[in-house]
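Structure assessment
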Amino acid sequence: MGTDNTLYLLQKAEAYQQNEGDGYQHVWIIYDKDDFPDCDFDNTVKRCEALNKRFKAEKRNIQYHPIWSNECVELWFLLHFDYLDTAVDRGQYCGILTEKLGRHYDKTDEALFEVLYPRMRCAVRNAKRLMGKYSKGAPPSQCIPGTNFYELVEHLGAYLKPGK
């Protein structure tokens with residue numbers, strides 16, 4: 001993701017998908033709220049919905065999935081341990097995760113998936129519960145904290161195994 005804003009990330013995915021023709025059935029756009037403007041964060045979801053509607057009308061089997069965390073992916077990681085429904089400053093997540101993991105948290109740690117995998121069902125349950133407190137159709141920018149990362153996990157669950 002780097003420093004690309006949410007809409008630019010979607011535009012890059014669209015360009016890549018268009019260059020590849022209809023070779024993709026699912027395009028996953030994964031991003032955090034971070035400091036991006038609410039309108040960009042929310043409009044990424046709206047743009048994906050518009051693309052999906054257009055592809056359906058054109059009878060093309062392509063679906064865009066906006067997978068987001070507000071404020072950051074560390075919320076998804078923390079939900080592997082505990083249910084959290086209050087906003088936490090982004091800067092605090094690393095310390096909380098270090099405590100929960102029993103070792104220094106680093107989101108680039110290649111072993112993180114292996115460590116979190118046994119708690120995946122708990123994370124899905126906690127994320128669904130968290131998102132259930134918001135009204136259906138609420139803009140992602142207003143879901144603080146919130147994440148729909150569980151949608152990716154549920155869709156790809158059979159392929160997610162440690163060591164792969």
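Residue numbers restart at each chain and count upward from 1, following the sequence in its written direction. Where totals are concerned, whole chains, interfaces and linings use all residues; where local detail is concerned, this predicted model gives features only for residues with pLDDT of at least 70, and gives and counts side-chain atom pairs only at 80 or more. Side-chain measures here rest on the full set of heavy atoms in the structure, leaving out hydrogens and waters.

Quick look at the environment of F81 now. Think of it this way: any DSSP run of H or I at least four residues long counts as a helix, any run of E at least two long counts as a strand, and we number them from the N terminus. Here F81 shows up in the loop between helix 3 (73–78) and helix 4 (90–101). Separated by 16 residues in sequence, F81 and L97 have C-alpha atoms that sit 9.0 Å apart. The contact criterion used throughout is that any non-hydrogen atoms of two residues lie within 4.5 Å. Contact partners of F81, with chain neighbours within four places excluded, come to L97, K100, L101, L116 and R119.

Now for the layout of surface pockets. Regions of empty space are outlined by a rolling probe, equal in size to a water molecule, passed over the atoms. Here the largest pocket defines a volume of roughly 590 Å³. Within this scheme a cavity is a closed region of a 1 Å grid, computed over the protein atoms alone, that accommodates a 1.4 Å probe without allowing it to escape, whereas a pocket is open but has protein on both sides within 12 Å along at least five of seven lines; lining residues each have an atom within 4 Å of a point. Around the largest pocket, the lining is made up of 23 residues, and of these V45, E49, W68, N148 and E151 lie nearest the centre. For the lining of the largest pocket, the secondary-structure elements that each account for two or more residues are helix 2 (38–57), strand 2 (63–70) and helix 7 (149–156). Top contributing element to the lining of the largest pocket by residue count: helix 2, with six residues. Grid points are joined across faces, edges and corners, and a volume is the space filled by probe spheres set on the points.

Below, the discussion takes up the pattern of salt bridges. A pair can form between side chains of opposite charge whenever their charged atoms are brought close. Salt bridge, as applied in this entry: a Lys or Arg side-chain nitrogen positioned within 4 Å of an Asp or Glu carboxyl oxygen. Considering all chains together, one arrives at 11 salt bridges under this definition. When the shortest N-O distance is used, the salt bridge between R47 and E14 registers 2.6 Å. One end of the pair, R47, is in helix 2; the other, E14, is in helix 1 (residues 6–19), with 33 residues separating them in the sequence. Whether a residue is buried, partly exposed or exposed follows from its accessible area with a 1.4 Å probe, protein chains only, as a fraction of its type maximum: under 20%, in between, or over 50%, in that order. What makes E14 buried here is its relative accessible area of 9%.

Compared with an ideal rise of 1.5 Å per residue, which puts 13 residues at 18 Å, helix 6 (residues 120–132) spans 18 Å between its outermost C-alpha atoms and is within 8% of the ideal. For helix 6, every residue scored as buried is listed here: M120, A123, V124, N126, A127, L130 and M131. Among the structural elements, strand 2, helix 3, helix 5 (112–116), strand 3 (146–147) and helix 7 are those in contact with the buried residues of helix 6. Here a helix's expected span is defined as the number of its residues, less one, multiplied by 1.5 Å.

To continue, consider the pairing of strand 1 (residues 26–32). Pairs of strands are assigned from DSSP output, requiring at least two bridges between the strands. Across seven bridges, the pairing between strand 1 and strand 2 is parallel. The partner of I30 across the bridge, within strand 2, is I67. For crossovers, right-handed means that the path from the first strand over the helix to the second runs clockwise, given strands pointing away from the viewer. Note that the unit made of strand 1, helix 2 and strand 2 has a crossover that is right-handed.

Let us look at the sheet that holds strand 3. The strand order across the open sheet formed by three strands is 1-2-3, and the pairing between neighbours is mixed. Since the sheet does not close on itself, it has two edges, and those belong to strand 1 and strand 3, each with one partner. Here an axis means a line fitted to C-alpha atoms, over the contact stretch when the element is a helix, while the angle between two N-to-C directions is reported on a 0 to 180 degree scale. Here helix 7 sits on the sheet in contact with strand 1, strand 2 and strand 3, set at roughly 145° to strand 1.

Moving on: unusual backbone geometry. The linkage connecting I144 with the following residue, P145, adopts the cis geometry, with an omega of -5°. Of note, P145 is situated in the loop between helix 6 and strand 3. Of note, the phi angle at K59 is positive, near 60°, even though the residue is not glycine. Along the chain, the position of K59 falls in the loop between helix 2 and strand 2.

Before going further, it helps to examine the nonpolar core. In terms of nonpolar packing, the biggest core is built from 43 residues, with I29, Y64, W76 and F77 touching the most fellow members. Sorting elements by how many residues they give to this core places helix 6 first, with six residues. Residues within four places of W76 in sequence aside, it is in contact with S69, M120, A123, V124, A127, T147, F149, Y150 and V153. Residues enter a nonpolar core if they are buried and are Ala, Val, Leu, Ile, Met, Phe, Trp, Tyr or Cys, with the set joined through side-chain atoms within 4.5 Å.

Attention now goes to the environment of L78. Secondary-structure assignment places L78 in helix 3. Residue classification places L78 among the buried positions, given a relative accessible area of 4%. Sequence separation between L78 and A15 is 63 residues, and the spatial gap between their C-alpha atoms is 33 Å.

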